[in-house]
Amino acid sequence: MQTAWQHWTYDIARRVSATLGIHVESSEIVAPPDPTLGDFAFGCFRLAKEGQKNPIVLAQEIAKAFEKQGSDITQVTATGPYVNFTLATDAAIRRVIEDVEEMGEEYGSSEIKSDQTVLLEYAQVNTHKEIHIGHLRNVILGVSLINVLKHRGSRVIAMSYHGDVGAHVAKCLWKLAYSLQLTANSITVEAVTGLLEKISDGDRTGEYLGRVYADATRALSEDESLKDQVSSVQQKLEAHDPAWEKLWQETRQWSLDEMKVIFYELDAVIDRQYLESEVYERGLRIADDLLKKGVAKISEGAMVVDLEEKKLGMFLIRKSDGTSLYATKDLALAELKAEEYPSYARSLHLVDTRQAFYFGQLFETLRRMGFDKPLEYVGYELVTLKDGAMSSRKGNIVTYADFRDAVIDYAKQEILSRHADWSEQKVEDVAWDIAMAGIKFGMLKQDSDKIYTFDLEQALSFDGATGPYCQYAATRLGSILKKASQVTGNRLQVTSTTFDHLTEKQLAIVLAKFPRVIEEAAEKLKPSLVANWCFETAQAINAFYRDVPVLESTAEMREARLNFVAVARQTLTQGLSFLGISVPEEM
RNA sequence: GCAGCCAUAGCUCAGCUGGAUAGAGCGCUUCCCUGCGAAGGAAGAGGUCGGACGUUCAAAUCGUCCUGGCUGCACCA
C-alpha cells in the first residue's frame with residue numbers, strides 16, 4: 001500500500017504537473033527548511049530553466065493554479081522561487097494513524113517481498129583473545145543491518161567467522177606450554193591434562209588467553225629466535241598432533257562458550273558459525289591448485305598471487321613454512337558459503353576499514369579462481385581511545401565485559417536515585433535495558449565511516465542524543481496509555497473529532513518518514529540513519545508531550561489522541577528495535 | 001612512495017544524488033516540577049563548513065590541486 005509520505009509527495013507532484021502540463025517527479029517534492037513555511041516544498045529551478053522563465057514568477061503561477069480540492073493540502077504559497085504546501089493537520093495525522101494501524105509491525109517494510117538471500121558475515125571474533133569494544137561495534141552494526149535488511153524483505157543468513165587456528169593461536173598455546181618447559185616435540189597428552197588442571201575456572205576465558213597471547217607477543221618481540229618455536233607449534237597443530245590438538249580444543253572451547261554468552265547478550269543471532277579450522281585444509285588445497293594452474297607463484301619460498309596489474313600488489317596465500325594464513329582460509333570460506341547457500345544474491349562482509357585493501361586482493365584472487373558469485377565488502381571505521389589505538393602491546397584494551405559492567409552499574413545508580421522502592425530484580429532488568437540502549441545507540445548514531453573514539457564518561461551520559469533519551473520518550477507515552485486504560489479500558493479508536501495542534505502534526509510528519517528512512521538505511525547499509533530518526537522522533541514526542549494535553553482534553557479528542565499516542569509509541573519502539581534496543585515499561 | 005578514509009560551533013557529530021537564514025547533542029549562562037514522569041522542557045552565547053581554484057543562475061554538498069590527521073601496502077588476523 002501507499003504510505004502517507006508517498007501519498008503526499010505523489011499527490012503534490014501530480015497536481016503541480018497538472019498546473020503547467022509539465023512532468024514533475026515526486027522526488028522533487030522536498031521538505032522546507034522551516035516548518036512555518038510549510039510541510040512540503042517544490043523548487044521551480046528546473047522548470048524555469050527548461051521554460052526560459054523566471055522561477056519566482058513560475059512559483060507564483062503554480063501556487064495560483066494549484067488545485068487543492070480533494071487533497072490533504074490546505075494552503076499553497078509562493079515564497080521566492082519555491083512553492084510551499086501546508087498539510088491539513090487533521091488529515092495528515094489521520095493518514096499516519098491509518099498507516100500504522102493497518103500495517104502494524106509491517107510499517108516501513110517493503111511492499112515487494114524480494115525473497116532474495118543475503119549472506120552477512122560479521123562477528124569475526126577470534127578464539128584465544130579477549131572480546132573488546134572494537135568487536136562490539138562490529139556486532140552491534142551487524143545486528144542492526146540484519147534487522148533492517150530483513151524488514152526490507154531479504155532472507156538474511158547471519159554468519160560469524162572465528163579465527164580458531166593460525167599464528168595467534170599458536171603463539172598463545174606456545175606460551176602456555178613453554179612456561180612449563182613443554183616444547184613442540186616433548187609435549188604429551190598427559191602433560192596437557194596437567195597443564196590445564198593448573199588453570200583456575202576463573203581463568204578459563206578468552207580474556208585470560210588474550211593476556212597469554214599478549215605475553216607471547218611481547219616475548220617474541222624481545223627475542224626473534226623464539227619464532228621458530230611458534231612456527232613448529234603451528235605445524236604440529238596443522239598436523240593434528242594429539243597433545244597440541246587437545247590443548248587447542250580445550251582452550252578454544254573456553255572462548256566459544258564466552259562468545260555464545262556475549263552474542264546472546266547482544267541479541268546477535270548467528271545462523272551459521274564458521275571456524276577457520278573448518279576451512280584451512282581446503283584452503284591449502286586451493287593454494288596448491290592455484291600454483292598448479294599458474295594463478296599463483298612461489299616468491300621467497302611463499303605462495304603469492306601477483307595482482308600488480310590491478311594495483312593490488314602481491315597477495316600472499318601460503319606462508320613459506322607451508323602453513324596457512326588468513327587469506328588461505330578466506331579463499332576456502334567463500335567456496336564453502338557458495339556451496340551451502342548456492343542461490344544467494346548478495347554476500348556481505350562486515351569488516352573494519354583497515355582490511356579494505358586485503359578484501360580487494362581476496363575478491364580479485366577469487367575471481368581469478370573462476371569464482372563468479374557476488375561479493376561485497378562493507379567497511380566501518382575502527383574504535384580507538386582518546387590516547388590512541390588499543391593494542392595488546394600497550395595493554396590498554398577495553399574489554400566488552402568491563403565496559404558493559406560499568407554502564408550497568410551507572411544505570412543502576414540512576415534508577416535507584418529515582419525509584420528507591422523498586423525490587424532488586426526490577427532494577428536489574430531495567431538497568432540492563434537502559435545500559436544496552438546507551439551502548440548500542442552510542443555506537444550506531446554516528447556514521448560507520450567515522451572513527452569512534454571511545455570515551456567512558458560520554459558513554460555513561462544518558463542525556464541528549466542517547467538511547468535512554470529515546471526510551472524515555474516512548475516510556476512517557478506508555479505512561480499516558482496506562483493511565484488512560486485504567487479509566488476507560490476501551491480499545492482505542494479514531495473518533496470524529498478534529499486534530500488541531502501544530503505540534504502533533506509535526507510528530508505525525510516525522511512518523512510518516514519512517515518507511516523512507518528504513519528503506520534508505522537498507523540501501524546504504526547505514527543503521528545510523530535509523531538511530532538519527534529515532535532521536536528526531538523522540539524529540540518530536542517530547543515536544544508533543546509538552547504542548548498537547550491528552551488525558552485532560554475533551555472526551556472525543558482524548559480518545560483520538562490516545563490513538564495517536566499509541567501509534568507514535570509503537571513506531572518509535574519499532575525503530576529502536578532495529579537497533580537492538582528494547583523499551584522498558586518504566587524507567 | 002602508492003592507495004583508502006576523515007576534516008562543519010570549545011568537544012562529539014548530523015546535513016553531502018547541488019538549492020530558501022548551515023542543524024543537533026554535550027559543555028557553558030539564565031530559567032521551568034501542587035502540571036499526561038525533570039533520564040524532560042524553554043531561552044542565550046558560540047561557525048571564514050581545513051585552504052585555493054574550477055563547474056553552475058546556485059557549492060558545506062560536485063571536480064581538480066594543496067594542507068593536516070588516521071589507516072593500509074608479503075609470511076598477523
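In this text the structure is predicted, and so the values were computed from the model without any measurement.

Each helix and strand counted, chain A has 20 helices and 14 strands in total. Dimensions along the principal axes, computed over C-alpha positions, put chain A at roughly 90 × 65 × 40 Å. The buried share of chain A, taken over its 587 residues, is 55%. Within chain A, residue pairs in contact and separated by at least 24 positions form 77% of the contacts whose partners lie at least 6 positions apart.

Our next topic: helix 6 (residues 167-178). Here helix 6 spans 16 Å end to end across 12 residues, near enough to the 16 Å set by a 1.5 Å rise per residue. Here helix 6 lies mainly inside the structure; nine of its 12 residues are buried.

With that settled, the discussion passes to the layout of surface pockets. Considering only enclosed or pocket space, the largest pocket measures out at about 1200 Å³ in volume. Along the wall of the largest pocket there are 39 residues; nearest its centre are Asn126, Lys129, His135, Arg354 and Gln355. Breaking the lining of the largest pocket down by element, the ones donating at least two residues are helix 5 (133-151), helix 6, helix 8 (206-222), helix 12 (326-340) and strand 11 (346-352). Broken down by class, the residue content of the lining of the largest pocket amounts to 16 nonpolar, 14 polar and nine charged.

The next point concerns the packing of aromatic side chains. Across all of its chains, the model carries 18 aromatic pairs by this definition. Look at Tyr326 and Tyr358: their rings are 4.9 Å apart centre to centre, the planes differ by 20 degrees, and that puts the pair in the stacked class. With a gap of 32 residues between them, Tyr326 in helix 12 and Tyr358 in helix 13 (residues 356-368) connect regions that are remote in the sequence. Residue classification places Tyr326 among the partly exposed positions, given a relative accessible area of 29%. Its relative accessible area of 14% is what places Tyr358 among the buried residues. With a centroid separation of 5.2 Å and an interplanar angle of 55 degrees, the aromatic rings of Tyr469 and Phe535 are classed as tilted. You can see Tyr469 sitting in helix 17 (residues 467-487) and its partner Phe535 sitting in helix 19 (residues 527-547), a full 66 residues away along the chain. We classify Phe535 as buried; its relative accessible area is 19%.

The buried count for strand 6 (residues 155-162) comes to seven of eight residues, which makes it a mostly enclosed element. Where strand 5 (residues 117-122) meets strand 6, six bridges bridge the pair, whose relative direction is parallel. When the sheet's bridge partners are listed, Tyr122 is paired in strand 6 with Ser160. Both strand 6 and strand 7 (residues 272-275) contribute to a ladder of four bridges, which runs parallel. Considered in strand 7, the bridge of Ser160 is made with Gln273.

Further remarks concern the sheet that holds strand 2 (residues 40-43). Pairing is antiparallel across the open sheet formed by four strands, whose spatial order is 1-2-4-3. Both edges of this open sheet fall to strand 1 (29-30) and strand 3 (73-79), since each of them pairs with a single strand only. Looking at chain direction, strand 1 and strand 2 are connected through two bridges and run antiparallel. When the bridges of strand 2 are listed, Val30 appears paired with Ala41.

Tracing the backbone through its elements, the reader meets Asp241 in the loop between helix 9 (227-238) and helix 10 (242-265). Of the buried charged residues, Asp241 lacks a salt bridge, with Lys236 as the closest side chain of opposite charge at 4.2 Å. At 3.2 Å, the side chain of Asp241 and the backbone nitrogen of Ala243 are in polar contact. Only 3.1 Å separates the side chain of Asp241 from the backbone nitrogen of Trp244, close enough to count as a polar contact. When sequence neighbours within four positions are dropped, the list of residues in contact with Asp241 reads Ile187 and Lys236.

What follows covers the pairing of strand 3. Consecutive residues of a regular strand have side chains that alternate between opposite faces of the sheet. Pairing analysis gives six bridges linking strand 3 to strand 4 (residues 82-87), with the strands arranged antiparallel. When the sheet's bridge partners are listed, Thr77 is paired in strand 4 with Asn84. A loop of two residues connects strand 3 with strand 4, the two strands running antiparallel in sequence, and Gly80 in this loop sits at a positive phi of about 60 degrees.

On to the environment of Ser299, then. Positionally, Ser299 belongs in strand 8 (residues 296-299). Sequence separation between Ser299 and Leu312 is 13 residues, and the spatial gap between their C-alpha atoms is 16 Å.

This brings us to the protein's contact with RNA strand B. Neighbouring residues of RNA strand B: 63 residues in total, closest Tyr82, Lys319, Arg418, Tyr472 and Val548. Looking at RNA strand B alone, sugar and phosphate atoms form 60% of those within 4 Å of the protein. Within the side chain of Asp449, one N or O atom sits 3.4 Å away from a phosphate oxygen of RNA strand B. At 2.5 Å from a base nitrogen of RNA strand B is found a main-chain nitrogen or oxygen belonging to Met587. For the surface near RNA strand B, the secondary structure elements donating two or more residues are strand 4, helix 6, strand 9 (302-306), helix 13, helix 14 (400-418), helix 17 and helix 19. In terms of residue class, the surface near RNA strand B is built from 31 nonpolar, 15 polar and 17 charged.

Procedures and definitions
Residues numbered from 1 in each chain as written. Chains lettered and ligands numbered in written order. Predicted model: local features only at pLDDT ≥ 70, side-chain atom pairs only at ≥ 80, totals over all residues. Heavy atoms only, no water. Helix = DSSP H or I, 4+ residues; strand = E, 2+ residues; numbered from the N terminus. Buried < 20%, exposed > 50% of the residue type's maximum accessible area, 1.4 Å probe, protein only. Contact = heavy atoms within 4.5 Å. Expected span 1.5 Å × (residues − 1). 1 Å grid on protein atoms, 1.4 Å probe; cavity = no way out; pocket = protein on both sides within 12 Å on 5 of 7 lines; lining within 4 Å. Points joined across faces, edges and corners; volume = space filled by probe spheres on them. Nonpolar A, V, L, I, M, F, W, Y, C, P; charged D, E, K, R; others polar. Phe/Tyr/Trp six-rings, centres within 6.5 Å; stacked < 30°, edge-to-face > 60°. Pairing = 2+ DSSP bridges. Lys, Arg positive; Asp, Glu negative; His and termini not counted. Salt bridge = Lys/Arg side-chain N within 4 Å of Asp/Glu carboxyl O. Polar contact = N/O pair within 3.5 Å; in protein donor to acceptor, adjacent residues only side chain to side chain. Near = heavy atom within 4 Å.

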